[in-house]
Amino acid sequence: MRNYLEEYKAYYRVRAKRYAGDPDFPFTAEAEQNLCDAMLGCNELIEFKQRLGNLNDLCGVAYTKDTYALRLKHYREIEETIRALGPERIINKAGQFNNVFDLMTMIGEEENINSREISMDHISPFDGNWFLLERLEVYERAEIPSKWQPDVKEMASEIKKSLSESLRSTEADMQKWEPGWKLKLPLAWETRHRRKLPYPDAELKRRIGEFEKTTK
Amino acid sequence: MIDTMYSDPMLDTFRNMMKEVDDKGYTGENVDAMRETLNLMEKYAAEMNDFMEFSAKLTTENLFGKFSDKYSRVLAANAKLGGYDPNAPYDEKNDQALLKLMLDALKDAIKRLRDSKKETKALMGDRAGDVDVLFKEQAIVDNIQKLIDLGESGLSAPEYLRIQTEKNLDKAMQGNVVTRDGLVYTHNFNKALASSPYLIEKSEKHIQLFDAMTAASPIGIPDISKFNFGCEKIDVSLVTEAMRWDKTKDAIEQIIGDLFTWALAHTSIAPTLEPWSLAKSPARAVAFDKDCYPGFIQIREDILKRNFDLSFHEIIKPGARMECKKPMVLVFTGNDGVYY
């Protein structure tokens, strides 16, 4: 005759052991131990239903806090400050929840918000058109016979129009997602953007100046 | 109204989920909430004309998320418990019914994996063979089957759960074997493509990280989240050098391309060649390039020097070697052409 109570106690001990002492899962370790203690305190299996309460859901909440804490730490280490906003908010809010479904709803909402924040965090009218800025410099500085200057001036003018139109249309598109969105050139100096621009600081400063002058 | 060619692919999935719920006769406030959210999506599709605005509306109002959330709650509330009765005494019958529930879910998972592969192959048509190369599901299926075999070996439900947890069989079926195969595939692809030494270095380091984490894991399975974080750290450490390599190559190719254009403009057949032949006056277009390209190329050289501290003239001296941190050796040998 099986002793289901002892078998379940053995299972919950093993389950708690998985996270015990794991420095990356402190909340999970505590929640799993609470669940285990509830089982170990039973004299009959039928008692577990009452002792269980929402301890299982609290294990889910704890696991969420721990996994998002790992993610937050990671994004801070690599200076992805916008990507870190979602995990930060989720961790701050997770403690308010004592059932997994509502917790998952909150996570879904916050990840949706963070996904938009990440999409809005770009400088593409500038860095995506770096090649146009270089081409503009070529047309404006090149020494060419005077008879061709009107043609080259026209080519330079077309590039300026293209840069302005690119900025205007990008801002119009982004404003469908975030009202009032405007290109923020100082973002170019933020680590997450700067590391994708493999040019010396002097060149970046120069191109920012040219872009501002051309598109104002 | 949004063209159904665009709105249908977005909304069909949710329409099918709504139909599934209705066909099964589920009711309740979560079902009502699903219907309300889908109706709102349909309303926007009918009333709006700009697809990007429509897409932004659905995303900013989190309609996909809200619908999916309610769908999950409907499924959970109506989950079939088979013969398991949570309100009955926990005896052998109830224990085995609970165990069967768990094993049936695993059998269903194998079926869904195989069905998904079959559907993908059907969609790929005569490229179906690619799916066999890209999606090697057998390793995952084998690990799930191990759990099923364990469950059918005469254990009780708590014994099964304990052994599964002790031996980490639940983690084994998360697909880590397939992950490594995918990493190796990507690395071989990057080597064959040979478009950038940094892509190759990145994929090589991903595999090394995976193997190191596997070796360090007490259960021989790396934590997949930590592995992904490790890969991101590798990518971030290489991104600036990789971009510098790409942009340097682009700049050199630009100058060489301009030189080629300028040289070609001096041939007698130039006006008959594109792009000059497409101009209103091909002869004028040729004359423009002959006269202006030297000036353009000089500025390009200046930009190359400012951006990457490289002198184009030094690069192209016969027998010269220009090496970046990674081997992008450019040897210009005149009539023999240019080699990378």
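Conventions and cut-offs
Residues numbered from 1 in each chain as written. Chains lettered and ligands numbered in written order. Predicted model: local features only at pLDDT ≥ 70, side-chain atom pairs only at ≥ 80, totals over all residues. Heavy atoms only, no water. Core = buried A, V, L, I, M, F, W, Y, C linked by side-chain atoms within 4.5 Å. Buried < 20%, exposed > 50% of the residue type's maximum accessible area, 1.4 Å probe, protein only. Helix = DSSP H or I, 4+ residues; strand = E, 2+ residues; numbered from the N terminus. Contact = heavy atoms within 4.5 Å. Axes fitted to C-alpha atoms, helices over the stretch in contact; angles between N-to-C directions. Parallel < 35°, antiparallel > 145°, perpendicular 65-115°, else oblique. Left-handed = near helix turned anticlockwise from the far one by under 90°. Nonpolar A, V, L, I, M, F, W, Y, C, P; charged D, E, K, R; others polar. Patch = residues over 30% accessible without salt bridge, like charges linked within 9 Å, V, L, I, M, F, W, Y side chains within 5 Å. Areas by Shrake-Rupley, 256 points an atom, 1.4 Å probe, with all protein chains shown as cover. Salt bridge = Lys/Arg side-chain N within 4 Å of Asp/Glu carboxyl O. Buried area = accessible area lost by both parts, 1.4 Å probe. Polar contact = N/O pair within 3.5 Å; in protein donor to acceptor, adjacent residues only side chain to side chain.

Q: For the nonpolar core, give the residues involved together with the corresponding values.
A: Counting 45 residues, the largest nonpolar core has A:F126, A:F211, B:F296 and B:L304 as its most contacted members. The element contributing the most residues to this core is helix α13 (residues 282-308) of chain B, with nine residues. Leave out the neighbours within four places in its chain, and B:F296 touches A:V138, A:Y139, A:A142, A:I144, A:V152 and B:F288. Counting 36 residues, the second largest nonpolar core, distinct from the first, contains B:A97, B:L106, B:L150 and B:L161.

Q: Just give me the short version of the side chain of A:E171, but keep the residues and values in it.
A: Looking at the secondary structure, you find A:E171 in helix α9 (residues 149-174). Setting aside its immediate chain neighbours within four residues, A:E171 contacts A:W181, A:K182 and A:L183.

Q: Requested: an account of the packing of helix α2 (residues 29-47) of chain B against helix α4 (residues 63-77) of chain B, with residues and values cited.
A: Residue and element names in this part refer to chain B. Between α2 and α4, whose axes approach to 8 Å, the crossing angle comes to 155°. With respect to α4, the axis of α2 lies roughly antiparallel. For the pair α2 and α4, the sense of crossing is left-handed. Taking contact as the criterion, the partners of N30, V31, A33, M34, T37, L38, L40, M41 and Y44 in α2 are, on α4, L63, F64, K66, F67, K70, Y71, R73 and V74. Residues belonging to the contact of α2 with α4 are distributed by class as follows: 12 nonpolar, two polar and three charged.

Q: A description of a nonpolar patch on the surface should follow, citing residues and the corresponding values.
A: All names here are of chain B. Taken together, V133, L134, Y185, F189 and L193 make up a surface patch of nonpolar side chains, about 490 Å² in accessible area. Every element with two or more residues in the nonpolar patch is listed here: α6 (128-134) and α10 (176-193). Among the elements that make up the nonpolar patch, the one with the highest residue count is α10 (three residues). Mapped onto the fold, L134 is located in helix α6. Residue class for L134 comes out exposed when judged on its relative accessible area of 52%.

Q: Give a detailed account of the interface of chain B and chain A, specifying residues and quantitative values.
A: Across the contact, 56 residues belong to chain B and 51 residues belong to chain A. Both faces considered, chain B and chain A share a buried interface measuring about 5000 Å² in area, 60% of it formed by carbon and sulfur atoms. Connecting chain B to chain A are 11 salt bridges. Notably, a salt bridge pairs B:K226 with A:D24, separated by 2.3 Å at the nearest N-O pair. Across the contact surface, chain B and chain A share 25 residue pairs in polar contact (both at pLDDT 80 or more). Of all elements in the fold, only α3 (51-60), α4, α5 (92-124), α8 (157-166), α9 (169-172), α12 (224-265) and α13 of chain B reach the threshold of two or more residues within the side of chain B that touches chain A. By residue number, the principal contributor to the side of chain B that touches chain A is α13(B), which donates 14 residues.

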